[in-house]
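Secondary and tertiary structure notes
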Amino acid sequence: MAGRFLPHIGLRTVKTGLAVALALFFADLRGSPALIFAGIGAIVAMSRTVGDAFETCRTQFFGILLGAGFGAVFVNLFEGFRYIGTGLGLIALILLCVQLKLQFAVPLACIVFVSICLSPADEAFLYGVNRLLDTSIGLATALVVNVTIKPYNNRARIMNLLTHFQQSVPAYVEERVLHGRYPDLTPLHAQLDRIASELATFEKQRGPRQSGHAGQAVFLRGCEQLAHAVLQELSALCAMDERGRLSPENAGRLAVLGLSAPEGMAAPPRSAADIVGNYHLDNLLRAYQYLAEFSSAEQTPKEK
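Parameters at a glance
- Residues numbered from 1 in each chain as written.
- Predicted model: local features only at pLDDT ≥ 70, side-chain atom pairs only at ≥ 80, totals over all residues.
- Heavy atoms only, no water.
- Helix = DSSP H or I, 4+ residues; strand = E, 2+ residues; numbered from the N terminus.
- Buried < 20%, exposed > 50% of the residue type's maximum accessible area, 1.4 Å probe, protein only.
- Contact = heavy atoms within 4.5 Å.
- Areas by Shrake-Rupley, 256 points an atom, 1.4 Å probe, with all protein chains shown as cover.
- Salt bridge = Lys/Arg side-chain N within 4 Å of Asp/Glu carboxyl O.
- pLDDT = per-residue confidence, 0-100.
- Core = buried A, V, L, I, M, F, W, Y, C linked by side-chain atoms within 4.5 Å.
- Polar contact = N/O pair within 3.5 Å; in protein donor to acceptor, adjacent residues only side chain to side chain.
- Patch = residues over 30% accessible without salt bridge, like charges linked within 9 Å, V, L, I, M, F, W, Y side chains within 5 Å.
- Phe/Tyr/Trp six-rings, centres within 6.5 Å; stacked < 30°, edge-to-face > 60°.

**Describing the overall build of the protein**
Looking only at helices and strands, one finds 11 helices and zero strands in the protein. Secondary structure elements in the protein, listed N-terminal to C-terminal, are α-α-α-α-α-α-α-α-α-α-α. For the protein, the proportion of its 304 residues judged to be buried stands at 43%. Intrachain contacts of the protein at a sequence separation of at least 6 include 77% that bridge at least 24 residues. Counting only carbon and sulfur atoms, one obtains 63% of the accessible surface of the protein, whose full area is about 16500 Å².

In structure tokens:
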């Protein structure tokens, strides 16, 4: 009974706790005077995907390196004019980051720079070195934990979303083609937006233990394009003033989806509306068929 009230503990939560504990242990082994920076480094590097983790590590490392280096120089050059030196140093630091195309590191570099400039001159260099070392320990520890312990993989979620999209389409086709109504396509657009978002996340997940990831990403993008083609053709049908008559060939293909045309509805195309309507429906059904075949052929590991 009590188990119902226990919160769900995700793998990323567990990995974050493990990474912080290890980072603090390693930093303590070297006699760090400020273990907090090792913990902070481990926390910020425990990103959702491997790509995001590498990006975070790059931002943290270069931000602290530039901020600490500049701070150690300026705090000694402008020891008697600390506030003026801090302002001039910030300007120079930002210009340097822009020149080196390291704009992503500007906020953190400026924060580290100011914190060092506010430290005693004789401690500034040591403070900067310790902060860089401890943060690097945290970043490296979290990166190793994140990559080696079951890296995040949302491939199954993407396949489920594609399957849900595929299963939703026949009802919309029935509404427009067989009943002549204009269904609201907003839910399908929302599904495709979510698929695109999950795919962007998937493409950042590539790690040393995820072989074949690039090929999987290409396959999933292909499925997404087919889904877009289905929605594009359905949108074209909904934009027509007349639905036109249904060709016998397309009526037969609709029957495969479990959609039966009313008696007498299927007839050879005569008008322009008949031709255009069947053209878009034919394209829709072809894209839908390919999507269904790809989805059934590419099963998730648990389904194989």
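**Topic: helix 2 (residues 36–45)**
Regarding helix 2, the residues found buried are Phe37, Ala38, Gly39, Gly41, Ala42 and Ala45. Its buried side turned inward, helix 2 meets helix 1 (11–29), helix 3 (50–77) and helix 6 (121–148).

**Comments concerning the pattern of salt bridges**
All chains considered together, the criterion is met by nine salt bridges. Between Arg181 and Glu175 there is a salt bridge, with the nearest N and O atoms lying 2.9 Å from each other. Judged by relative accessible area, Arg181 falls into the partly exposed class, the value being 41%. Here Glu175 falls in the partly exposed class, since its relative accessible area comes to 26%. Between Asp282 and Arg286 there is a salt bridge, and its shortest N-O distance comes to 2.9 Å.

**Examining the confidence of the model for the protein**
Low-pLDDT portions of the prediction should not be read for the details of their coordinates. Across the protein, the average pLDDT comes to 86, with 92% of residues at or above 70. Contacts of residues 300–304 to residues separated by more than four positions or lying in other chains number five contacts, the stretch itself having pLDDT below 50.

**Notes on the nonpolar core**
If you look at the biggest cluster of nonpolar residues, it comprises 38 residues, and the most contacted ones within it are Phe165, Val173, Val177, Leu246, Leu254, Leu281 and Leu284. Only helix 7 (155–178), helix 8 (186–202), helix 9 (213–238), helix 10 (248–256) and helix 11 (272–297) provide two or more residues apiece to this core. In this structure Leu246 touches Val177, Leu178, Ala251, Leu254, Ala261, Met265, Ala266, Ala267, Asn278 and Leu281, once residues within four positions along its chain are discounted. The next biggest cluster of nonpolar side chains, apart from the first, holds 17 residues, and it includes Ala23, Met46, Ala53 and Leu143.

**With respect to the environment of Asp184**
Relative to the assigned elements, Asp184 resides in the loop between helix 7 and helix 8. Sequence separation between Asp184 and Cys238 is 54 residues, and the spatial gap between their C-alpha atoms is 9.2 Å. A polar atom in the side chain of Asp184 sits 2.7 Å from the side chain of Thr186.

**A few points about a nonpolar patch on the surface**
Where nonpolar side chains cluster on the molecular surface, the patch consists of Ile9, Leu11, Val14, Leu18, Leu22, Phe25, Phe26, Leu29 and Ile149 and spans about 800 Å² of accessible area. You can see Val14 is positioned in helix 1.

**Some remarks on the packing of aromatic side chains**
Overall, the coordinates contain six aromatic pairs when judged by the stated rule. Centre to centre, the rings of Phe37 and Tyr127 are 6.2 Å apart; their planes meet at 85 degrees, and the pair counts as edge-to-face. Note that Phe37 is positioned in helix 2 and Tyr127 in helix 6, a separation of 90 residues in sequence. Residue Tyr127 is classed as partly exposed on the basis of its relative accessible area, which comes to 26%. Between the aromatic rings of Phe70 and Phe74, the centroid separation amounts to 5.5 Å while the plane-to-plane angle is 15 degrees, which identifies the pairing as stacked. Residue Phe70 and its partner Phe74 are located together in helix 3, separated by four residues, close to a single helical turn. The same class applies to Phe70 as to Phe74, namely buried.

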